[in-house]
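# Understanding the architecture of this molecule
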Amino acid sequence: VICYMDRREITFKIDKYKKPVLLSTKESIARIIINALLMVPGNLPGNPLVGVNIMQYIYRKVDDVNTSQIMENLQFAVGDTLGDTVLDDVSVASVRDPEGDILVVNVRLRMPDAREDDTLVVLLKKTDDRVHFNYKFMSEVLQIIS
């Protein structure tokens, strides 16, 4: 069960005061977007049209990826869950790796707490029957570099 308090996701972890741990606003937004990207239409019986199914693009050429369709599906999947965060743009790139193809998905956002643009970068790699993914916000990467 996911509950939202001030746009922050409650986890199943408990802090030292026996209270539920709240994620930061950015972490909550990242999880909502990643869930929407990985969800396959038809997974939710109550709303069978919701989901992006981003893994269908992992073996396609970048020219065959319809980013406007991905953006439309993503906006529909997250609905008004993100509050005043705006999804600005989506870009997709594919990287060849000896161990398997990697899909790089960039979602440009306008965040309510940062008051400026940021980009969520999601890396997806399919190995055997598993999907491995990792993500970072570009602002966090730039802070590490500088």
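Whatever comes next refers back to the structure up there.
Summarised in this report is the structure supplied together with it. (Residues numbered from 1 in each chain as written. Predicted model: local features only at pLDDT ≥ 70, side-chain atom pairs only at ≥ 80, totals over all residues. Heavy atoms only, no water.)

## Focus on the nonpolar core
Residues Ile-33 and Leu-74 are the most contacted members of the largest nonpolar core, which totals 33 residues. Elements with a minimum of two residues in this core: α1 (25-38), α2 (67-78), β4 (86-95), β5 (102-110), β6 (117-127) and β7 (130-137). The biggest single contributor to this core is α1, with 7 residues. With near-sequence residues (within four places) excluded, Leu-74 lies in contact with Ile-33, Ala-36, Leu-37, Val-52, Leu-87, Val-90 and Val-107. (Core = buried A, V, L, I, M, F, W, Y, C linked by side-chain atoms within 4.5 Å. Buried < 20%, exposed > 50% of the residue type's maximum accessible area, 1.4 Å probe, protein only. Helix = DSSP H or I, 4+ residues; strand = E, 2+ residues; numbered from the N terminus. Contact = heavy atoms within 4.5 Å.)

## Digging into the sheet that holds β7
Pairing in this open sheet of 4 strands is antiparallel, and the strands run β4-β5-β6-β7 from one edge to the other. Edge positions in the sheet fall to β4 and β7, since each has one partner strand and no second. Each strand axis lies, on average, 20° off the axis of its neighbour in the sheet, ignoring direction. Pairing between β5 and β6: 9 bridges, direction antiparallel. Bridging across to β6, Val-104 finds its partner in Leu-123. Its contacts with the sheet put α1 on β4, β5, β6 and β7, and the angle it makes with β7 is roughly 145°. On top of the sheet, α2 reaches β4 and β5; it is set at about 130° to β4, its chief contact. (Pairing = 2+ DSSP bridges. Axes fitted to C-alpha atoms, helices over the stretch in contact; angles between N-to-C directions.)

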